[in-house]
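One-letter residues, chain by chain:
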Amino acid sequence: MPDALPLLPTTVCGSHGLPSWLFLVREAVRADRLGPAEIQEAYDDAVRLAIRDQVEAGVDVISDGEMRRVTFIRGFYDRLTGIRPLPIPRRLGPLNYDSHCPYEVVDRITAPGGLGVVDEFTFARPHAVRPMRVAVPGPMTLLMPLRRGGPYQSEDSLIADLIEIVRMEVQALVAAGADFIQVDEPNYVMAAGKHRVVKGGPRPMVDALGAVLDGVRVKRALHVCFGNAHNNSFASPRRYRPLFPGILEAPVDQFVFEYANREMAEIELWSEFPSDKEVAAGVIDVKAFRVETPEEVALRVRLALKHIRPERLWLVPDCGLWETPRWVGVAKLRSLVEAARILRRELGAG
């Protein structure tokens, strides 16, 4: 990860808005109308386009747009052995969290070919002309749709195998040259009462993350949102306070939290619980169709600067943009970048 980033670097959480034609490609795939070469070509082109969008918007640290992934984590379960899909709870009406199938665990869970993130990175890296971050699903979040069974006598033993799967993916990413790895764990707030954040219990969240990142020496980030699938939050109430101060023990260099869609609520926690770690503050509302102006984004950043030193603050959308129309997402990224330029001038840094 290069040191020559500007003050208040801009970045993304991972996913980018899908080009409209990619939805047609996915329909054709489901109808078995495309061959593997055609599918590969379509997704390769989508990744190139997502990278180009971010670069043209001026984002400092980009991603591959996660064009090959399906609804955040759902595609990863196709790569796991030992699970069986259960009936989808609800098929009619608006898509939401109950519109996807849960899985019954019937045998030992493994990922013989990995989660596919390494392949995504290997393709994208030569095309990325900016520093790049890559996101992997955290073990607690992979746990969400799984119904324990098979050989697992306790949830802790199931989590242990999920930790190993993610740990192997992270190690392979490092070996492939990734130097900025983000672990996505929205389940930290979705199940805060079930899995303690602080150390001391069986497989608490911070210890699980420590096991995943053990020995990893690249830049590490932890992304904790409230669940944003289909522009609907899973967690209620949406509060970060229950995670503090235990979350500060997480073995990461950067926390990635959403703030814009709650009018910057709880940003003051960083004054109440000071930390030397970086904070990538969500200052773009991915749930809102309306595109914020650069000055509106700058107002949010000024609130963050009251509690986070500028050299520790990064600017990011609240979450990924995969549920956002592509043109809206690109416009929001441009506002993010211009807001950063406004603030750098105010701070005498550019």
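Reading the values: the criteria
Residues numbered from 1 in each chain as written. Predicted model: local features only at pLDDT ≥ 70, side-chain atom pairs only at ≥ 80, totals over all residues. Heavy atoms only, no water. Axes fitted to C-alpha atoms, helices over the stretch in contact; angles between N-to-C directions. Helix = DSSP H or I, 4+ residues; strand = E, 2+ residues; numbered from the N terminus. Parallel < 35°, antiparallel > 145°, perpendicular 65-115°, else oblique. Left-handed = near helix turned anticlockwise from the far one by under 90°. Contact = heavy atoms within 4.5 Å. Nonpolar A, V, L, I, M, F, W, Y, C, P; charged D, E, K, R; others polar. Polar contact = N/O pair within 3.5 Å; in protein donor to acceptor, adjacent residues only side chain to side chain. pLDDT = per-residue confidence, 0-100. Buried < 20%, exposed > 50% of the residue type's maximum accessible area, 1.4 Å probe, protein only. Pairing = 2+ DSSP bridges.

**Section: the packing of helix H3 (residues 117-124) against helix H5 (residues 155-176)**
Turning to step 1, where the next piece is worked out: Running from N to C, H3 and H5 point in directions that differ by 20°, and their axes come no closer than 9 Å. Here H3 is positioned roughly parallel relative to H5, judged by the angle of their axes. Like other packed secondary-structure pairs, H3 and H5 cross with a definite hand, here right-handed. Of the residues in H5, those touching H3 at Val-117, Val-118, Phe-121 and Thr-122 are Glu-169, Ala-172, Leu-173 and Ala-176.
Turning to step 2, where the next piece is worked out: Looking at the contact of H3 with H5 residue by residue, the classes come out as six nonpolar, one polar and one charged.

**Comments concerning the side chain of Ser-15**
Turning to step 1, where the next piece is worked out: Tracing the chain through its elements places Ser-15 in the segment before helix H1 (20-30).
Turning to step 2, where the next piece is worked out: Separated by 3.3 Å, the side chain of Ser-15 and the backbone nitrogen of Trp-322 make a polar contact.
Turning to step 3, where the next piece is worked out: In contact with Ser-15, not counting residues within four places along its chain, are Gly-65, Glu-66, Gly-320, Leu-321 and Trp-322.

**Observations regarding the confidence of the model for the protein**
Turning to step 1, where the next piece is worked out: Mean pLDDT for the protein: 91, with 94% of residues reaching 70 or above.
Turning to step 2, where the next piece is worked out: Every residue in residues 195-203 scores below 50 in pLDDT, and together they form 28 contacts with partners more than four places removed in sequence or on other chains.

**Topic: the pairing of strand S5 (residues 180-184)**
Turning to step 1, where the next piece is worked out: Across the five residues that make up S5, a large majority, five, are buried.
Turning to step 2, where the next piece is worked out: Both strand S3 (residues 134-137) and S5 contribute to a ladder of four bridges, which runs parallel. Following the sheet pairing, Val-134 is matched in S5 by Ile-181.
Turning to step 3, where the next piece is worked out: Sheet analysis places S5 next to strand S6 (residues 219-224), joined by five bridges and oriented parallel. Counted as the bridge partner of Phe-180 is Lys-219 from S6.

**Observations concerning the sheet that holds strand S2 (residues 103-110)**
The strands that make up a sheet are held in pairs by hydrogen bonds between backbone atoms, and each pair lies either parallel or antiparallel.
Turning to step 1, where the next piece is worked out: The strand order S1-S2-S4 describes an open sheet built from three strands, whose pairing is mixed. Each edge of the sheet is formed by a strand with only one pairing partner; in this case those strands are strand S1 (81-85) and strand S4 (146-147).
Turning to step 2, where the next piece is worked out: Inspection of the sheet shows S1 paired to S2 by four bridges, in the antiparallel sense. Of the residues in S2, the one forming a bridge with Thr-81 is Thr-110.
Turning to step 3, where the next piece is worked out: Relative to S2, H5 is tilted by about 60°, and along the sheet it contacts S2 and S4.

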